[in-house]
Amino acid sequence: MNFDKSGLAFSPKVPNNIKSEIANTLHIQRLALQDKYLGVPFLLQKNKVESFAPLMDRFNDRLAPWKSKFIAELGKTTLTQVVLGTIASHHMSVFPMPKTVTDKMDAVQRNFFWNKKSGERGVSMKKWNHVAYPKYLDGLNIRQSAILNQALLAKLARRLIENPDAPWAILLRHKYFNGFNPLNCPLSRQGSWVCKVFVMV
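Computed from a prediction, not measured in an experiment: that's the story for all the values here.

**Student:** Honestly, the pattern of salt bridges in this entry has me stumped. Any pointers?
**Tutor:** Oppositely charged side chains can pair when the atoms bearing their charge come close. One pass over the structure, following the stated rule, counts 2 salt bridges. Asp-103 is paired through a salt bridge with Lys-99; the nearest N and O atoms lie 2.7 Å apart. Taken together, the positions of Asp-103 and Lys-99, both in helix H5 (residues 99-114) and 4 residues apart, correspond to about one turn of that helix. You can call Lys-99 exposed: its relative accessible area is 60%. Across the pair Arg-158 and Glu-162 runs a salt bridge whose closest N-O atoms are separated by 2.9 Å. Residue Arg-158 and its partner Glu-162 are located together in helix H7 (residues 145-162), separated by 4 residues, close to a single helical turn. Of the two residues, Arg-158 and Glu-162, neither departs from the other in class, the shared state being exposed.

This is the structure:
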């Protein structure tokens, strides 16, 4: 176990003196809300949209509409295809992204491609859903955020089923699915967000 790459997260109900005592005994640092690994937050706020605000900032920076003025259409297509996968793939592989976030990602891609500012009205040559179609359907094969998110979560669920003895799979199973099949996990409003990931897929 690499203690330098390890961290402790506590429930808000745990007293500060207990948190400090455990961290000092184990010689493991306590995680802060803003701590990340591979750009992915370790801890999420209750408001999931706020948790992914830094991701949206990076997304907006990479696909700022003013940049598309200086890029040919082929270049805009390639950049639009690549940015979603490079910036958001880690997040989308482990978190069910809120619809507000995926809708904003698609809007950023759309505005970049059509060279429109956010909220600016204008005429688009074609519906964005049709532009994003696979090439065999005469589209440009641009990934749609919500669909990509669901596909990556399905891949994670498949790994959990096919590799039940992997350490991460054992941990998830005992913490969230003890006595249940992950794909048939009983879902409730109070249910774990992780549990909801596998029910969704």
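There's more to say after this.
**Student:** I'm lost on the nonpolar core in this one. Help?
**Tutor:** By size, the foremost hydrophobic cluster in this structure holds 18 residues, and its most contacted members are Leu-55, Phe-59, Leu-84, Met-92, Met-97 and Met-105. For this core, the elements supplying multiple residues, two or more each, are helix H3 (53-62), helix H4 (73-94), H5 and H7. With 5 residues, the single largest contributor to this core is H4. Excluding its chain neighbours within four sequence positions, the residues that come into contact with Met-105 are Leu-55, Met-56, Phe-59, Leu-84, Ala-88, Met-92, Met-97 and Ser-145.

**Student:** Just checking my understanding: could you explain a nonpolar patch on the surface for this structure?
**Tutor:** On the surface, a cluster of nonpolar side chains totalling about 210 Å² of accessible area is made up of Ile-18, Ile-22 and Leu-26. Looking at where Ile-18 falls in the secondary structure, it is placed in helix H1 (residues 16-26). Overall, the relative accessible area of 33% leaves Ile-18 in the partly exposed class.

**Student:** Whenever I open this one, unusual backbone geometry confuses me. Can you help?
**Tutor:** Residues apart from glycine generally show negative phi values, whereas peptide bonds are mostly found in trans. Phi at Asp-138 takes a positive value of approximately 70°, unusual for a residue other than glycine. Since its relative accessible area comes to 65%, Asp-138 is described here as exposed. Located in the positive-phi region is Asn-141, a residue other than glycine, with phi close to 60°.

**Student:** For this particular structure, what's the right way to read H5?
**Tutor:** A turn of α-helix holds 3.6 residues, and therefore any two residues three or four places apart point the same way. In this model H5 runs 22 Å from its N-terminal to its C-terminal C-alpha over 16 residues, within 8% of the 22 Å that 1.5 Å per residue would give. Considered for burial, the residues of H5 that qualify are Val-101, Thr-102, Met-105, Asp-106, Val-108, Gln-109, Asn-111, Phe-112 and Phe-113. Downstream of H5 by one or two residues, Asn-115 has phi in the positive range, about 60°.

**Student:** Can you walk me through the environment of Leu-84 in this structure?
**Tutor:** Relative to the helices and strands, Leu-84 resides in helix H4. Among residues more than four places away in sequence, those in contact with Leu-84 are Phe-59, Ser-89, Met-92, Met-105, Gln-109, Arg-143, Gln-144, Ser-145 and Leu-148.

**Student:** Just to check I follow, could you spell out the environment of Arg-30 for this structure?
**Tutor:** Note on placement: Arg-30 falls in the loop between H1 and strand E1 (36-37). The sequence separation of Arg-30 and Ser-20 amounts to 10 residues, and the corresponding C-alpha distance is 8.4 Å.

**Student:** How do you make sense of the packing of H3 against H5 when you look at a structure like this?
**Tutor:** Packed helix pairs are characterised by how far apart their axes lie and by the angle those axes make with each other. Look at H3 against H5: their axes get within 10 Å of each other, and the N-to-C directions meet at 10°. Judged by the inter-axis angle, H3 sits roughly parallel to H5. For the pair formed by H3 and H5, the contact residues are Leu-55, Met-56, Phe-59 and Asn-60 on the first element and Val-101, Lys-104, Met-105, Val-108 and Gln-109 on the second. When its residues are assigned to classes, the contact of H3 with H5 shows 6 nonpolar, 2 polar and 1 charged.

Parameters and conventions
- Residues numbered from 1 in each chain as written.
- Predicted model: local features only at pLDDT ≥ 70, side-chain atom pairs only at ≥ 80, totals over all residues.
- Heavy atoms only, no water.
- Salt bridge = Lys/Arg side-chain N within 4 Å of Asp/Glu carboxyl O.
- Helix = DSSP H or I, 4+ residues; strand = E, 2+ residues; numbered from the N terminus.
- Buried < 20%, exposed > 50% of the residue type's maximum accessible area, 1.4 Å probe, protein only.
- Core = buried A, V, L, I, M, F, W, Y, C linked by side-chain atoms within 4.5 Å.
- Contact = heavy atoms within 4.5 Å.
- Patch = residues over 30% accessible without salt bridge, like charges linked within 9 Å, V, L, I, M, F, W, Y side chains within 5 Å.
- Areas by Shrake-Rupley, 256 points an atom, 1.4 Å probe, with all protein chains shown as cover.
- Expected span 1.5 Å × (residues − 1).
- Axes fitted to C-alpha atoms, helices over the stretch in contact; angles between N-to-C directions.
- Parallel < 35°, antiparallel > 145°, perpendicular 65-115°, else oblique.
- Nonpolar A, V, L, I, M, F, W, Y, C, P; charged D, E, K, R; others polar.

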